[in-house]
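Read off the chains here:
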Amino acid sequence: SRAITPPDIQARKGGVPLVCLTAYTTPIARLVDRHCDIVLVGDSVGMVLHGLPSTLGVTLDMMIMHAKAVRGGLEKALMVVDLPFGSYEESPEQAFRNAARLMAETGCAAVKLEGGEAMAATIQFLGARGIPVMAHIGLTPQAVNAFGGYRVQGRGEDAERIRRDAISVAQAGAFSVVLEKVPEQLARRITSEIGIPTIGIGASPACDGQILVSDDMLGLFSPFRPKFVKRYAELGDQAGAAIAAYADEVRKRRFPAAEHVFADAPKDADADAT
Ligand code: KIV
Ligand code: NA
């Protein structure tokens, strides 16, 4: 079966919810590919894997490296790669140059960028030149300094601003839009008003799809625990317990045991094969 394309995603507006997760590495990409419609190589990689304090320090080279790793694990899902902070905001031309490099070097079929009305001209420019764009509005983490934190966006009178952003990116030709950390009422309104799928993160089940950071929902990234993340596993706790057990066994000389040790002369074919 062929890979999912941006038009396939757009055509699923109002249908069975779109399932999306992030991946930064080949093994996680393989797992996500089996069950999801979209795999996002998010710039959250900077915080989750590189220990950066925000996504602002993520570079295009980092995104390319992780996207190449993810590409190797995908067969079916649509791969979308984030344009990092500073790689697209200056002009549509700058955005095209960097998005084209991402696509050429990683084989991704679409890019994601943060911003609504202010990015509409850029989204249109990319779309007209063969680059499908997923937009990202509401809480846009690359604007953390302008927002003064990671607060819910679009409450009360501020809803109109996010609504305009949604309409702008849809009119500009984005094939879908991530809605992050906005009230349910606003997410429902936007989802019914625009013709492209809304993909929510902290934006209620009213959206046309959902996305989470894989490491968050697997319990692998603990420094921060937003309300909108449901933990489907506690892999961080399991990894910690495994490492503690290894340390204990090494100190007590219980590991390695007889079955992990090589004899001078091979006893069976297996021993040298693995
Ligand atoms: O970088 C990221 O992981 C994202 C998603 C959470 C939407 O942008
Ligand atoms: Na991102």
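Residues numbered from 1 in each chain as written. Chains lettered and ligands numbered in written order. Predicted model: local features only at pLDDT ≥ 70, side-chain atom pairs only at ≥ 80, totals over all residues.

All right, on to the overall build of the chain then. Helix and strand counts for the chain come out as twelve helices and eight strands. By its C-alpha atoms, the chain is 70 × 35 × 35 Å across when sized along the principal axes. The burial tally for the chain puts 43% of its 274 residues in the buried class. By sequence separation, contacts in the chain at least 24 residues apart represent 59% of the contacts at least 6 residues apart. (Helix = DSSP H or I, 4+ residues; strand = E, 2+ residues; numbered from the N terminus. Buried ≥ 20, exposed ≤ 12 C-beta atoms within 10 Å, placed from the backbone. Contact = placed C-beta atoms within 7 Å.)

Buried residues dominate strand E3 (residues 78–82), accounting for five of its five residues. Because side chains alternate across E3, one face comprises the buried residues Leu 78, Val 80 and Asp 82, and the other comprises Met 79 and Val 81, equally buried. As defined by bridge partners, strand E2 (residues 38–41) adjoins E3 across four bridges and the pair is classed as parallel. When the bridges of E3 are listed, Leu 40 appears paired with Val 80. (Pairing = 2+ DSSP bridges.)

Per-residue pLDDT for the chain averages 96, and the proportion of residues at 70 or more is 97%. Of the two predicted TM-score estimates for the complex, the pTM is 0.95 and the ipTM is 0.99. (pLDDT = per-residue confidence, 0-100.)

This brings us to the UniProt feature "binding site: Mg(2+)" (unreviewed entry) in the chain. If you check UniProt for "binding site: Mg(2+)" (unreviewed entry), the listed places come out as Asp 43, Asp 82 and Glu 114 in our numbering. In sequence the annotated residues extend across 72 residues, while in space they remain close, none of their C-alpha pairs exceeding 10.9 Å. By the secondary structure assignment, Asp 43 is in the loop between E2 and helix H3 (45–48). Residue class for Asp 43 comes out buried when judged on the 29 C-beta atoms lying within 10 Å of it. Apart from residues no more than four positions distant in its own chain, Asp 43 is found in contact with Thr 55, Val 58, Met 63, Asp 82 and Pro 84. Here Asp 82 is to be found in strand E3. A residue is classified by how many C-beta atoms lie within 10 Å of it, and Asp 82, with 28 of them, is buried. Once you skip the residues sitting within four places of it in the chain, Asp 82 turns out to touch Val 41, Gly 42, Asp 43, Met 63 and Lys 112. (UniProt positions renumbered as here; feature names shortened; annotations may be inferred.)

Now for the domain arrangement of the chain. Taken as a whole, the chain is organised into domain 1 (6–233) and domain 2 (237–273). For domain 1 versus domain 2, the separation of C-alpha centres amounts to 42 Å. (Domains from an automatic or database assignment.)

In the UniProt entry, the feature "active site" (unreviewed entry) is given for Glu 180. With respect to the helices and strands, Glu 180 occurs in strand E6 (residues 176–180). Each residue touching Glu 180, except ones within four places of it in the same chain, is listed here: His 136, Gly 138, Leu 139, Thr 140, Ile 201, Gly 202 and Ala 203.

With respect to spatial proximity, the complete set of residues near ligand 1 consists of Thr 22, Leu 40, Gly 42, Asp 43, Ser 44, Asp 82, His 136, Val 178, Ile 201, Ile 211 and Val 213. Counted by class, the shell around ligand 1 contains five nonpolar, four polar and two charged residues. (Near = placed C-beta within 6 Å. Nonpolar A, V, L, I, M, F, W, Y, C, P; charged D, E, K, R; others polar.)

For the rest of this paragraph, the subject is the sheet that holds strand E1 (residues 18–22). Around the barrel, eight strands lie side by side as E1-E2-E3-E4-E5-E6-E7-E8; this closed barrel has parallel pairing. Taking the axes of each pair of neighbouring strands and ignoring which way they run, one obtains an average angle of 25° across the sheet. Where strand E5 (residues 133–138) meets E6, five bridges bridge the pair, whose relative direction is parallel. By the bridge assignment, Ala 135 is partnered in E6 with Val 177. (Axes fitted to C-alpha atoms, helices over the stretch in contact; angles between N-to-C directions.)

Here we take up the packing of helix H8 (residues 159–171) against helix H9 (residues 184–193). At a closest axis distance of 10 Å, the pairing of H8 and H9 adopts a crossing angle of 30°. The angle between H8 and H9 places the two elements in the roughly parallel class. Crossing of H8 over H9 shows right-handed handedness. Of H9, the residues touching H8 (which contributes Ala 159, Ile 162, Arg 163, Ala 166 and Ile 167) are Leu 186, Arg 189, Ile 190 and Glu 193. (Parallel < 35°, antiparallel > 145°, perpendicular 65-115°, else oblique. Left-handed = near helix turned anticlockwise from the far one by under 90°.)

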